[in-house]
Every structure is written in C-alpha cells, then in structure tokens.
Amino acid sequence: MQNPILTSLIVGLVFLAIGVVIGYIYRKTATEGKINNAEELASRILLDAEREAETNKRNLLLEAKDEIHKLRDQASAENQVRRSELQQMEKRLLNKEDILDKKSLSLERREVQMQEQQEKINAKEKQADDLVEARVSELEKVASLTQEEGKQMLLGELEQELDQEAALLIRENEARVRNESDKIAQSIIVHSIQRLAADQVAENTVSVVNLPSEEMKGRIIGREGRNIRSFESLTGVDLIIDDTPEAVVLSCFDPIRREIARVALEKLVRDGRIHPTRIEEAVARAEREVDQVIKESGEQAAYDAGVHGVHHELIHYLGRLKFRTSYGQNVLRHAVEVSRIAGYLAQEVGANEKMARRAGLLHDLGKSVDHEVEGSHVQLGVDLARRYKEPEEVINGIEAHHGDVEFKYIESILVQAADAISAARPGARRETVESYVKRLEQLEDIANSFDGVEKSYAVQAGREMRIIVQPESISEAEITTTARKIAKEIEQQLDFPGQIKVNVIRETRAVEYAK
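Each value, and the rule that gives it
Residues numbered from 1 in each chain as written. Predicted model: local features only at pLDDT ≥ 70, side-chain atom pairs only at ≥ 80, totals over all residues. Heavy atoms only, no water. Pairing = 2+ DSSP bridges. Helix = DSSP H or I, 4+ residues; strand = E, 2+ residues; numbered from the N terminus. Axes fitted to C-alpha atoms, helices over the stretch in contact; angles between N-to-C directions. Contact = heavy atoms within 4.5 Å. Core = buried A, V, L, I, M, F, W, Y, C linked by side-chain atoms within 4.5 Å. Buried < 20%, exposed > 50% of the residue type's maximum accessible area, 1.4 Å probe, protein only. Salt bridge = Lys/Arg side-chain N within 4 Å of Asp/Glu carboxyl O. Patch = residues over 30% accessible without salt bridge, like charges linked within 9 Å, V, L, I, M, F, W, Y side chains within 5 Å. Areas by Shrake-Rupley, 256 points an atom, 1.4 Å probe, with all protein chains shown as cover. Expected span 1.5 Å × (residues − 1). Arc of directions from axis to C-beta.

What follows covers the sheet that holds strand β8 (residues 501-505). The mixed open sheet is built from three strands, whose spatial order is β6-β7-β8. What marks the edges here is a single partner per strand, and that holds for β6 (453-459) and β8. Strand-to-strand twist across the sheet, computed as the mean angle between neighbouring axes with direction ignored, equals 15 degrees. Examined bridge by bridge, strand β7 (residues 464-469) and β8 share five bridges and lie parallel to one another. From the neighbouring strand, E464 faces β8, where its bridge partner is K501. Packing against the sheet, helix α14 (residues 478-493) makes contact with β7 and β8, and its axis sits at approximately 145 degrees to β8.

Right, dumping it as structure tokens:
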C-alpha cells in the first residue's frame, strides 16, 4: 500500500507542473497579442506620417512657386530702373563728348593765335633790341662814356640810394623789433631778478683784529720781535701794529691766508699765551678750521643754487671763492646769484634749467686758483671742469661767459646774460675813480674817431653815449648805420659790464636876423 504523503507530494508536483505550463501558455499568448497590436499601431502612424508629409510637400511647393513669382517681378522692376539710369548716363556722356570736342577745337584755334602773336612779339623784341643798341651807341657818343663806365656810375648812385634806404629800413625794423623784444626781454629779466635778493659786501684787502688792551700789542710783538716774525713767516701775512687803539691790522692780497691769520691771531689773543710754539699750533688749528669753513661754504653754495652731484674737489675750490671779491662783490655770492638767475631765465625760455644753474655756479671757478696758477680765470676754470668730468654744456658756459669762444649751447648764452645782470645791477660792484674816468675817456675817444662826429659825451656813469654829428657830413638816414658802427667798435675795444646805449643826434639849425 502506497504512502499517502508521497502520493500527496506527487499530486502536488503534477499540479504545479500543470500550472507552470498553463501560465507559460497564457503569458505567450498575451505577449503575441501586444506585439500584434503594436505593429498595427506603427503601421497606422507611418501611414499618417506619409499622408502629412505629402500634404506639407504640396504646400511648400506652392509657397516656393509664389516666392519665385515675386522675386521675378521684383528683378524685372529693378532691371527696368537700371536700364533707365543707363540710358540717362549714356545721354550725359554723349553731351560731354560734344562739349569736349568743341573745347578741343577752340583750344586748337587759340594755340594757332598764340603762335602768331609770339612770332609778332619776337619780331618786336628784335626791333626793340636794335633800337636799344642804336640808342646806346648814340648815348655813348653824346656822353663820352662807355657802357661799362655808365654802369659803374649808375651802380654808384644806386648803391648810395640803397644805403640810405637800408638805413631807413634798419631804423624802422629796429624800432619795431625793439618795441616788441624789449617788452619780452624786460619781462623775462625782471621776473628773474625779482625772484632773487642778495646782500652786498665791500672789497677788503686788510682785516682788523680787536685787542682787549694796548698791552697785548707788546705781547704780540714779543721779545726782540720774535713773535711777530714767527707769525708773519707762518701765515705769509703782514701784521701791522700802529697807533690804532686796541687793534692791529692784517694785510695780504690772498684772502684765504689773511683769514687764517685772523683766526689764529684771535685765538692767540683769547688764550693770552703768545710764543712761537703756540703761534705754530694756533696757525695749524686755524688752517683746519678755515679749510672746514671752505668746504661748508662750497656745499652751502651748491645747495643754495640747487646744484647736486658736484665733485668734492670742485666743492672745495668753490668754497675758496667765499674769501674772494671782485670790485667789492663777493665772488661766491655772485656765483650763486648767477646760477639762480640763469636757472630762472632757462625756465622762462624753455632751456635746460639744471645745466644753466650748474654752469652759472661754476663759471668763475678759476678765480679760486688764479692767485696761485698762471693763466686767466676762464682757462683755469675750464681746466678744472675738464679734470673733474663736468658736462660739455658746463665747460662751454665757463669758457664762453666772457665771449672768448663761440656759444655752443643756449645755456651758455643764459650764463653770460646772468653774469652781466649780477655784475651790472646797481650797487653790485664798486669801481675805482681812476678806472672809471679812464673808461669814460676811452668811450669818448672811440666816438670822436669817426668821420662826421662833432662832439661826444659819456653820460649816466658811462651807460650812455650822446654823439652829435655834423648834418652836412652825415645824412638823416646814415645816423643809424653810424650808431651801429660806433657800438660795434666799443664792443671790440672795451670790456664793460651790462650795456652802453649809443645815441647819435643830428640836427640842422637855420638862423636869420631881422633888421
């Protein structure tokens, strides 16, 4: 007898297999149905798309045909317009051709007429030349002069007339230029000068040292004069002890040696111990102090002038000018003043201000060594500037500030102008009576050496010449050229600061008496 569990299991497995088979069959049948439905839907979609595409194609063809018709009509209208314009242009060209043909014919006629007129003119010129030659021959016979002699006579007369006309033109142009240039120059110079103020000093060749008592004079002299001899030998300065109460005088042409002696003597007087050893120590200490003062003065001058980068040796030479004067004007202050004026002028005219200031500061550098070395201060200054590699503009400014060489740079001209301004302004310098009188006499002698000059006077301290000429010897037009010649002669023969006005006066007087 079979096991009931096994039988149940077998029956269950059979049913399970039957269910699996039935489920497979059902699922396969459902899937095939869906596939068939999808294929039918796709077929319907394709058919609809083909119908729509065909419809769109027909619509697009219709629109394209319409657009083609429109473009064809528009092109036809434009062609019509262009055809009309071309016809108008063709008409205008034909008209211009007709006009050009007419002008060409007219020009040909005129050319023929011109040739005929030229032939007539040539014939008349030949006839005129023949007449001129005949007239010249007759004139030579009548005047007893050859053609060359007549030319020379005519040229002489023309030259005289031209001289008079040139003098008149020069006078007119000078007056016009003077009116314009004087205003500009005065504005520039006044603007530059008013920006500068400088103290004035007097030139001294002696220094006075005050003493606390008369008894100090004997101590300065020393036993049998040994102190004074030692002092004079060490300093190279003459020590003058006279009846001046409580004072002694130091005399020397070298201002630096005189300053060293003054400082040393003041130290000795304050100390009270005066003997050769102390004198030697005081002089050595004074030399160091004065050398320091020279260095500081040179540095201060460069700072005041606004000049930088100067070699330290040139600073030392520049500081030595503190103890040098020219006609009562301190040379170091004069150098600073020239530097600043040259800089102001360079600002006004648009030149190199730095180079103008530098050349102005160093223009009198040679005066620091002209007591010790042979040569003019200009050449000595040029040598120092070249030795310490100063720029060529500065060297030319030093070399040309007295007009010894040609100006190569505008800054050199400004340095000369600034030097004249600083030296010639009122109160800047002092001149001895003898040299002043001699200069006035030389001015009058130069003016009197010219033909036709009747009298000459130097007025305004030699700043103006008033020259009276003979009216029968010099014409009204020639006084301008005469004034110019006299001015040139003064420039060549004399050295003078500033400028001298040459005023030539010509007047004619008629005198008659009623009886």
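Still to come is the rest of the account.
Here we come to the environment of E478. With respect to the helices and strands, the residue E478 is situated in helix α14. Put simply, E478 and R171 are 307 residues apart on the chain and 9.8 Å apart in space, counted from C-alpha to C-alpha. E478 has contacts with A167 and S473, leaving out every residue within four places of it along the chain.

Ranked by size, the top nonpolar core spans 39 residues in total, and within it L318, L361, L365 and L384 carry the most contacts. Counting residues per element, this core draws most heavily on helix α8 (residues 331-349), at nine residues. In contact with L361, not counting residues within four places along its chain, are A301, A302, A305, V307, L318, A335, V336 and S339. If you look at the next biggest cluster of nonpolar residues, it comprises 27 residues, including L211, I228, V248 and L268.

The subject of this paragraph is the pattern of salt bridges. Evaluated as defined, the whole model comprises 15 salt bridges. Here K126 ties to D130 by a salt bridge, and the two come within 3.7 Å at their closest N and O atoms. Separated by four residues within a single helix, K126 and D130 lie in helix α1 (residues 4-143), roughly one turn from each other. Among the residues examined, D130 registers a relative accessible area of 41% and is labelled partly exposed. Among the salt bridges present, the one from E215 reaches R219, with a minimum N-O distance of 3.9 Å. With E215 and R219 both in helix α3 (residues 215-221), this residue pair falls four residues apart, about one helical turn. Looking at R219, the relative accessible area reads 33%, which means it is partly exposed. Among the ionic contacts, a cluster of salt bridges with common partners joins D271, R273, R278 and E281.

Taken together, L6, L9, I10, V11, L13, V14, F15, L16, I18, V20 and I22 make up a surface patch of nonpolar side chains, about 1,100 Å² in accessible area. Within the secondary structure layout, L16 lies in helix α1. Relative accessible area serves as the criterion here: at 54%, L16 is assigned to the exposed category.

The next subject is α14. Over its 16 residues, α14 runs 23 Å from end to end, which matches the ideal 22 Å to within 8%, given 1.5 Å per residue. Buried residues of α14: I479, T480, T482, A483, I486 and I490, and no others. In a view along the axis of α14, the buried residues occupy a sector of 165 degrees, so they form one face of it. Opposite the buried face of α14, at more than 90 degrees from it, the exposed residues are K485 and Q492.

Glancing now at the side chain of S230. Secondary-structure assignment places S230 in helix α4 (residues 226-235). Residue S230 is classed as buried on the basis of its relative accessible area, which comes to 14%. Leave out the neighbours within four places in its chain, and S230 touches P276 and I279.

The residue E224 is not glycine, and still its phi comes out positive at about 55 degrees. With respect to the helices and strands, E224 occurs in the loop between α3 and α4. Judged by its relative accessible area of 72%, E224 falls in the exposed class. Unusually for a residue other than glycine, K389 sits at a positive phi of about 60 degrees. Structurally, K389 is set in the loop between α10 (377-387) and α11 (392-400). A relative accessible area of 72% places K389 in the exposed class.

Residues H377, V378, L380, G381, V382, L384 and A385 constitute the buried set of α10. In this fold, the buried residues of α10 make contact with α7 (312-320) and α11. A positive backbone phi angle near 60 degrees is found at K389, which sits one or two residues after α10.

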